[in-house]
Amino acid sequence: MPKIQIFGGGIAGLTAALLLEKQQQDYQLFERQSHWGGKLQTTLRDGFALDHGFQVIQSAYPALSVFHRQGYLDESRAFGAGAWLLVNGKKTLLADPLQEFPRGLAALGHPSIKLTDMWQVIQLRNALLNQTPQSLFSMEKNTTMDYLQQRGFSSAFIEAFFRPFFTGIFLEETLDTPSAMFRFVFWALAKGKACLLPGGIQTLPNRIVADLNPTRLHLSAQQTAVDTNNTVSLHRSTQVHYFSVDTDLGLGKFIALNAEKHGEINLLAVPSAVQVGYAPKNKHLLCVSMKPGSSNSLKPAMDSKAVHHAVEQLLGVNIDAQWIDSIQVNEALPTDTPYVYQTEKLDLSQNETVAGVRFNAFGGLVNPSLNAAILSGEQFVAAVNSRQTTPI
């Protein structure tokens, strides 16, 4: 049986290691950083859990089933199905009209939201829920913006909701991301929930690592993998500012979107109102996620006082908030993926060395999602098993 080397301790690498562990196969997992989880990273400070970027787990992602079975998503708690729209110091709740009935009807009082838009949301929701995840990637080949316009959404509704909401997911404001990715994310939101785990996003990789053989795990590893494609990945960046506050600022379990066309803030959220472990007792954690840049063209960081003032302008009230930290993630989201659901059967011929089989688990995803990272790890292990059972 060949020795298996996994390079990269993000979710793809950890998924492969977990499956190999369960099969009692020989493997070694190497991670050059000093932590597991890749981009799923959380910094703990004075009782607060600061995720590196505003991150959630989409409970409906099909590939998460392997983690559900292991209990790694136990105790997850969900954000509300919708968002506050912040305009001129006032907020209006735009909620899923079916998941959050009757609260979802309140948005009809917003000047940018028409009954026809709400009807289009329901129609889109029903249409996508009738599709399989795979088929969502094989429909129209256009941008998210083109897709929304073709579906008949008004420009006002796109600007007030879709642009700020999906800017926070795609990390780009023009909505040029292929519509296949929009359909998949919208499908997941309609089918499931956007969840947090206790103590931050890094709880997920930490739970996986706890079930692995520690003698096979190597952090701050000197071993490096060879990129057989010799490619340089392009990424988008994100920046978040964290503040300690005494209340949830009236936001509760819903995120709040900057529905105005100006300003550097994209969204606000209070994760401690959703999940335990994000803030100490009698305190709340305010996450301020900024509008994105690209890793080779970063927007200059706003100082904490300017961010604090911008938050007050959005909410229309003065708030007592103490700055905790600001986190810049330069390689938050890859932009050069093929945007498909899953590739064909993996060919291990380029992964074989005299030492065995290697898995470069640090890139090459088919789309920028947690779902794709898990499938990547699963596909590698399936290819290894197929190779071992194929007669020579």
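The preceding data block contains the structure.
What you are looking at is a predicted structure, and each value in this text was computed from that prediction instead of being measured. (Residues numbered from 1 in each chain as written. Predicted model: local features only at pLDDT ≥ 70, side-chain atom pairs only at ≥ 80, totals over all residues. Heavy atoms only, no water.)

*Asks:* For this particular structure, what's the right way to read the overall build of the protein chain?
*Replies:* Across its full length, the protein chain carries ten helices and 18 strands. The globule rule puts the C-alpha radius of gyration for 392 residues at 21 Å, and the 21 Å found for the protein chain is close to it. For the protein chain, the proportion of its 392 residues judged to be buried stands at 56%. Across the protein chain, contacts joining residues at least 24 apart in sequence account for 76% of those joining residues at least 6 apart. The average position of the 31 basic charges and that of the 32 acidic charges among the side chains of the protein chain differ by 4 Å. (Helix = DSSP H or I, 4+ residues; strand = E, 2+ residues; numbered from the N terminus. Rg over C-alpha atoms; globule rule 2.2 N^0.38 Å. Buried < 20%, exposed > 50% of the residue type's maximum accessible area, 1.4 Å probe, protein only. Contact = heavy atoms within 4.5 Å. Lys, Arg positive; Asp, Glu negative; His and termini not counted. Charge placed at Lys NZ, Arg CZ, Asp CG, Glu CD.)

*Asks:* What is the right way to look at the sheet that holds strand β5 (residues 57-58) in this model?
*Replies:* Each strand in a sheet pairs with its neighbour through backbone hydrogen bonds, running either in the same direction (parallel) or in the opposite one (antiparallel). One open sheet holds the three strands; their spatial order is β5-β9-β6, and the pairing between them is antiparallel. Because the sheet does not close on itself, it has two edges, and the strands there are β5 and β6 (77-78). In terms of strand pairing, β6 meets strand β9 (residues 194-196) through two bridges, oriented antiparallel. From the neighbouring strand, arginine 77 faces β9, where its bridge partner is leucine 196. (Pairing = 2+ DSSP bridges.)

*Asks:* Would you mind showing me how to read the sheet that holds strand β2 (residues 27-30) here?
*Replies:* Strand order across the open sheet formed by five strands is β10-β2-β1-β18-β17, with mixed pairing between neighbours. Bordering the open sheet on either side are β10 (217-218) and β17 (352-353), each of which pairs with just one other strand. Pairing of strand β1 (residues 4-7) with β2, which is carried by four bridges, proceeds in the parallel orientation. Within the sheet, the bridge partner assigned to isoleucine 6 lies in β2 and is leucine 29. Packed on one face of the sheet, helix α1 (residues 11-22) meets β1, β2 and β18 (356-360) and runs near 160 degrees to β2. (Axes fitted to C-alpha atoms, helices over the stretch in contact; angles between N-to-C directions.)

*Asks:* Help me out: how do you make sense of helix α6 (residues 155-170) in this one?
*Replies:* Quick reminder: α-helices carry 3.6 residues per turn. Residues three or four places apart thus point the same way. End to end, α6 covers just 19 Å across 16 residues, shorter than the expected 22 Å (1.5 Å per residue, more than 12% under). Along α6, the positions that sit buried rather than exposed are Phe157, Ile158, Ala160, Phe161, Phe162, Pro164, Phe165, Phe166, Thr167 and Phe170. The positive-phi residue at the C-terminal boundary of α6 is leucine 171, with phi of around 60 degrees. (Expected span 1.5 Å × (residues − 1).)

*Asks:* Mind showing me how you'd approach the environment of phenylalanine 30 here?
*Replies:* The residue phenylalanine 30 is located in strand β2 in this model. A residue is classified by how much of its surface remains accessible, and phenylalanine 30, at 7% relative accessible area, is buried. Separated by 189 residues in sequence, phenylalanine 30 and leucine 219 have C-alpha atoms that sit 6.3 Å apart. In contact with phenylalanine 30, other than residues within four places in its own chain, are Gln5, Ile6, Phe7, Gly8, Gly9, His218, Ala221 and Gln223.

*Asks:* Would you take a moment to explain the packing of α6 against helix α7 (residues 179-191) for this structure?
*Replies:* When two helices pack together, their arrangement is given by the angle between the helix axes and by the axis-to-axis distance. At a minimum axis separation of 12 Å, α6 and α7 run at an interaxial angle of 100 degrees. In terms of orientation, α6 and α7 fall into the roughly perpendicular class. Of α7, the residues touching α6 (which contributes Phe162, Phe165, Phe166, Ile169 and Phe170) are Met181, Phe182, Val185, Phe186 and Leu189. Partitioning the contact of α6 with α7 into residue classes produces ten nonpolar, no polar and no charged. (Parallel < 35°, antiparallel > 145°, perpendicular 65-115°, else oblique. Nonpolar A, V, L, I, M, F, W, Y, C, P; charged D, E, K, R; others polar.)

*Asks:* What is the right way to read the packing of aromatic side chains from this model?
*Replies:* The description of two aromatic rings rests on the distance between their centres and on the angle between their planes. A full pass over the atoms with the stated rule returns 23 aromatic pairs. Ring centres of tyrosine 61 and phenylalanine 184 lie 5.1 Å apart, and the angle between their planes is 5 degrees; on these two criteria the pair is classed as stacked. Note that tyrosine 61 is positioned in the loop between β5 and α2 (65-70) and phenylalanine 184 in helix α7, a separation of 123 residues in sequence. In terms of burial, tyrosine 61 and phenylalanine 184 fall into one category: buried. Lysine 91 extends its terminal NZ or CZ atom over the ring of tryptophan 84, reaching a point 4.9 Å from the ring centre. One cation-aromatic arrangement involves arginine 183 over tyrosine 147; the distance from NZ or CZ to the ring centre is 5.1 Å. (Phe/Tyr/Trp six-rings, centres within 6.5 Å; stacked < 30°, edge-to-face > 60°. Lys NZ or Arg CZ within 6 Å of the ring centre and 35° of its normal.)

*Asks:* I keep staring at the pattern of salt bridges and nothing clicks. Help me out?
*Replies:* One side chain can pair with another of opposite charge once the charged atoms of both are near each other. Tallied over the entire structure, the rule returns six salt bridges. A salt bridge links glutamate 140 to arginine 183; the shortest N-O distance between them is 3.6 Å. With a gap of 43 residues between them, glutamate 140 in the loop between α4 (133-136) and α5 (144-150) and arginine 183 in helix α7 connect regions that are remote in the sequence. What makes arginine 183 buried here is its relative accessible area of 0%. The closest approach of N and O atoms between aspartate 246 and lysine 283, which form a salt bridge, is 2.7 Å. You can see aspartate 246 sitting in the loop between β11 (235-245) and β12 (255-258) and its partner lysine 283 sitting in the loop between β13 (265-269) and β14 (284-290), a full 37 residues away along the chain. Overall, the relative accessible area of 30% leaves lysine 283 in the partly exposed class. (Salt bridge = Lys/Arg side-chain N within 4 Å of Asp/Glu carboxyl O.)

Worth remembering: the numbers are spatial, not functional.
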